[in-house]
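Close look at the chain arrangement
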Amino acid sequence: MALLEVHDLRTTFKTEDGVVAAVNGLSFSVEPGSTLGIVGESGSGKSVTSLSIMRLIAQNGTIERGTILFKGENLLDKSEAEMRKIRGRDIAMIFQDPMTSLNPVLTIGEQIAEATRLHLGLNKKEALDKAVDMLRLVRIPIAEKRLRDYPHQFSGGMRQRVMIAMALSCDPAVLIADEPTTALDVTIQAQIIELMNEMQARLGSAIVLITHDLGVVAETCENVLVMYGGNMVEYGTATEIFDSPKMPYTMGLLESLPRLDQAGSRLIPIEGQPPNLLRMPPGCAFAPRCRYRMPICDEPVPLYDFGNGHVARCFLYDQRAEGQKPIEAENRPVIAGSAVAQAPPRVAR
Amino acid sequence: MTAPSAGAAAAATVAPHDDLVIVRDLYKYFPITAGILQRHVADVRAVDGIDFEIRRGETLGLVGESGSGKTTAGRVILRLTEATKGSVQFEGRELVGLSRNDLRPLRKEMQIIFQDPYASLNPRMTVGSIVREPLEIHGIAHGKEADVRVQELLRLVGLQPHHANRYPHEFSGGQRQRVGVARALAVNPKFIVADEPVSALDVSIQAQVINLLQDLQQQLGLTYLFIAHDLSVVRHISNRVAVMYVGKIVEIADRDRLYDNPLHPYTQALLSAIPIPDPDIERRRKRVILTGDIPSPVNPPPGCRFHTRCPIAFDRCKVEVPAFKEYEPGHRAACHWVEEHGGTAPDLTVTPTALA
């Protein structure tokens, strides 16, 4: 049995302009001790997925449908009091911005101790000792002293270490990390990723890493889930996703990325704009930007299985699509390259 | 400060390139004051003596982490912020100390594209009037003529002419950045400082804007100073690359030279820190992971600023500022280790003791 199993999750938000389905029909599972990368761009629903699992959806949001099984129990059936016991103890979370997710008026020690006192029933002294151990584990120098410091006395990278120490202090089965390194500089990002990998090897938590950075995914994840427009469009092992992507969006993402190990050949962008969740296309959400778009793409797309758990949601692999020719994507904006040909003459100097 | 004479001398002896911008010994300190008397207590040494040239038609990438001073450097060069001291020459004319009146005609030669396409466009102006404003300020076009020019500019950056009547909030991030580009191009500049122009954009949109900037450069013969923290993007777009660390340039070279043979330990660590989107390569790669944090520019470490995090620092690094020296044609670096080893690059993936 999988440790965490999300099935047909649909989370919607009421906005001034109408109801928006940020996550729509998402299913996936996480095995104990594994690392799953959830990749997507802004608005793809990756953060709402993690907040749904934690039941931390904002006031105007509802989990309309689906199940979230943790160790076989549906988290959506839990009361708020039961959820409070699960959050932090069984499923912990690290957020993107370590400044706004720490309480500025409590010392670091108090904040870490709060979790262990609450969840593990430690007394104050035991909890503070445990906090020192955790700070040492995440390699914060002179931990006994730093315990009494406030968040503003730490740098961004150090704060993220504190967050990791806090999240891991109750030895959670699942750690959800939502863009944990996005706010950090690259040399600090490398430190934090190394630390997370090391912590996982040591403590055996499963990690769900939510990120837009495919490089970070390649560095840390065994399995990758690609999201677009509120649902999964492809899932597979990291090697499968990077070496033989099936869904044109995944291909496009990889092609559009400038790479450190490749000199400047021209990038191949994905044309068009991200989908507007208020006006989703009837079939495949990616169809309006897809260079392989066919008439059939306006129908609901099933998942196709490529073996080894590699699945993708795309009609290119459907028999019904045979003989259908790609149609020119509508609303495609004027591509820069073609526009330049008609550039206005330069004003003479 | 003792550093930069070596760099200046090297530039003088090499055959002169067609330099559009020449930066010499440039400093920008922001004073920190305290008390009701606003007593001057310290300085943020954002830019602390930098030297480089930007050649006509090229893209110079300026990379560094937060607090390295890269954005301040860009702003001081354009005189959006006044230099504390030093020299910036644009087409042979000194910009530092130039009066407002003398500067105004030069303003239209130099433009800037900002990082955040959400904050850098006035939400109450239509896209058309945003792009039109510089035309009128500089007296380039008015009335019907300006309308036509606005339409041309929008088309040039891949937008539709009818977008002129819309407001910024009606556009996505990538489209807004195109508006920012159109505004910068309106006055026919020769030189553009692009300050993290794609950092706020999604990956799939980033590539659109990068390609646009490259096409425009070719078409219009633009010169870019491309400021970014993302070394993959910088490698992609730049002809030459300069690396900044806490107010100083530690290394500058042609793109391929810098990425294939980085001399400075900081450059090496920075390159090593970038994850490559390929799990097979990631598994085989040897990484240099720096310890510690980036020092504060208020109180930069003495000697070489990188010595507090450098795995191969020795005694000299703690006291003496390394000279910014040329080791290969056009390849300058400021490192005592490199100097003492005849310009060879240290191999940081080997344990530090084996290198000593």
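In short, a report on the structure. In this text, all values refer to a predicted model and were calculated from it rather than measured experimentally.

Brief notes about the sheet that holds strand β8 (residues 223–228) of chain B
Residues and elements named next belong to chain B. The eight strands lie next to each other as β6-β7-β8-β3-β9-β10-β12-β11, forming an open sheet whose pairing is mixed. A single partner strand is all that each edge strand has here, and the edge strands are β6 (110–113) and β11 (325–328). Sheet twist, expressed as the average angle between the axes of neighbouring strands with direction ignored, equals 20 degrees. In this sheet, strand β7 (residues 191–195) lies alongside β6 in parallel orientation, the contact comprising four bridges. Residue pairing across strands places I113 opposite A194, the latter belonging to β7. Together, β6 and β7 form the strand contacts of helix α6 (residues 173–185), whose direction differs from that of β6 by roughly 175 degrees.

A closer look at the interface of chain A and chain B
Counting residues at the interface gives 51 residues for chain A and 50 residues for chain B. Taken together, the elements giving at least two residues each to the side of chain A that touches chain B come down to α6 (156–168), α7 (186–203), α8 (214–220), α9 (238–243), α10 (248–255) and α11 (336–340) of chain A. No other element matches the six residues that α7 of chain A contributes to the side of chain A that touches chain B. Of the residues assigned to the side of chain A that touches chain B, the class counts are 28 nonpolar, 15 polar and eight charged.

Observations concerning the environment of G72 of chain A
Checked against the element boundaries, G72 of chain A lands in the loop between β4 (61–70) and β5 (73–74). Overall, G72 of chain A belongs to the exposed group, with 9 C-beta atoms counted inside 10 Å.

A short note on the pairing of strand β9 (residues 223–228) of chain A
All names here are of chain A. Burial analysis of β9 places six of its six residues in the buried class, the great majority of the element. Here strand β3 (residues 35–39) runs beside β9; their pairing, made up of four bridges, is parallel. Bridging from a neighbouring strand, G37 pairs with V224 of β9. With six bridges joining them, β9 and strand β10 (residues 231–237) adopt antiparallel strand pairing. Its bridge partner lying in β10, V226 is registered against E234.

Some remarks on unusual backbone geometry
Even without a glycine there, the phi angle at E179 of chain A is positive, about 50 degrees. By the element assignment, E179 of chain A lies in the loop between β7 (174–178) and α7. Residue classification places E179 of chain A among the buried positions, given that 20 C-beta atoms sit within 10 Å. Residue D25 of chain B is not a glycine yet carries a positive backbone phi of 50 degrees.

Quick notes on the rules
Residues numbered from 1 in each chain as written. Chains lettered and ligands numbered in written order. Predicted model: local features only at pLDDT ≥ 70, side-chain atom pairs only at ≥ 80, totals over all residues. Pairing = 2+ DSSP bridges. Helix = DSSP H or I, 4+ residues; strand = E, 2+ residues; numbered from the N terminus. Axes fitted to C-alpha atoms, helices over the stretch in contact; angles between N-to-C directions. Contact = placed C-beta atoms within 7 Å. Nonpolar A, V, L, I, M, F, W, Y, C, P; charged D, E, K, R; others polar. Buried ≥ 20, exposed ≤ 12 C-beta atoms within 10 Å, placed from the backbone.

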